[in-house]
Amino acid sequence: MLICLLASMATFAQPASPGQPRRRTIALLHGTAGSAKTLTIQLGPLLPKLRETWDVTFVEGPKRCAEDNPHVKMMRRFYGPSAELREYAEATADDRGWRTYNELDEAVEALEGRVSGADCLLGFSQGANFASMLAARAERRGAPVR
C-alpha cells in the first residue's frame, strides 16, 4: 500500500521567481526489508514522472534487517543475496498479532529530522506506516507537513 501525504499540491506552489513555480520536495520511504534501490524498482515508471515536477529524496531505514527477519527471505528472491535490506524499526507483533515496532518512539523521532523540509511523504508498507505517524505528530504540534 502506498500513502502520500501532501500539505498542498505542486500546482499551488508559491512561485520561486516570476513565472516559475517552486519545486516541491517529496521524501520516499521504503518498506520493511527494503532500500532506495528496491523502492526505485517498485515505483517503476512513476519515479521518472515524479522527478519531472518534484525534487525526490530517498530516506533509508537506519537498521539493517536481520537475516532471520521473515521479509528478508522473500526480498532476497527478488533482489538477490547481496541486496542491502533495511528498516526504520524492527517490526514485531503484540499478543493479538497486531503490528508493533521495537523502539518506536526513538525511530519516529530520528526519522522526523531526516524528513524535515519535505512537502510530501510517500511511503510503501513500513514506510507508509511511518509516514502516517510523522504526519500525525506534525499535525499535533501544529506544524503539519509542508
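Refer to the preceding data block for the structure.
Here the structure is a predicted model, which means the values were calculated and not measured.

Considering helix α5 (residues 126-140)
Given a rise of 1.5 Å per residue, 15 residues ought to cover 21 Å, and the 21 Å separating the end C-alpha atoms of α5 matches this to within 8%. Taken as a whole, α5 has its buried residues at Gln126, Gly127, Ala128, Phe130, Ala131, Leu134, Ala135 and Ala138.

Side note on the side chain of arginine 86
Along the chain, arginine 86 falls in strand β7 (residues 86-87). Within the structure, arginine 86 has its side chain in polar contact with the backbone oxygen of glycine 61 (distance 2.6 Å). Beyond its immediate chain neighbours, meaning those up to four positions away, arginine 86 contacts His30, Gly31, Thr32, Ala33, Gly34, Glu60, Gly61, Pro62, Lys63, Arg64 and Cys65.

Here we look at the packing of aromatic side chains
In total, this model carries two aromatic pairs according to the counting rule given. For the ring pair tyrosine 88 and phenylalanine 130, a centre distance of 5.7 Å and an interplane angle of 45° mean the geometry is tilted. With a gap of 42 residues between them, tyrosine 88 in the loop between β7 and β8 (91-93) and phenylalanine 130 in helix α5 connect regions that are remote in the sequence. Phenylalanine 130 shares its class with tyrosine 88; the two are buried.

Examining the pairing of strand β4 (residues 24-29)
Each regular strand displays side chains that alternate between the two surfaces of the sheet. Burial analysis of β4 places five of its six residues in the buried class, which makes it a mostly covered element. When β4 meets strand β5 (residues 54-59), the two strands line up parallel, connected through six bridges. Across the sheet, the residue bridging to isoleucine 26 is valine 56, located in β5. Examined bridge by bridge, β4 and strand β10 (residues 120-124) share four bridges and lie parallel to one another. Each bridged residue has a counterpart across the sheet, and for isoleucine 26 the counterpart in β10 is cysteine 120.

Parameters and conventions
- Residues numbered from 1 in each chain as written.
- Predicted model: local features only at pLDDT ≥ 70, side-chain atom pairs only at ≥ 80, totals over all residues.
- Heavy atoms only, no water.
- Helix = DSSP H or I, 4+ residues; strand = E, 2+ residues; numbered from the N terminus.
- Expected span 1.5 Å × (residues − 1).
- Buried < 20%, exposed > 50% of the residue type's maximum accessible area, 1.4 Å probe, protein only.
- Polar contact = N/O pair within 3.5 Å; in protein donor to acceptor, adjacent residues only side chain to side chain.
- Contact = heavy atoms within 4.5 Å.
- Phe/Tyr/Trp six-rings, centres within 6.5 Å; stacked < 30°, edge-to-face > 60°.
- Pairing = 2+ DSSP bridges.

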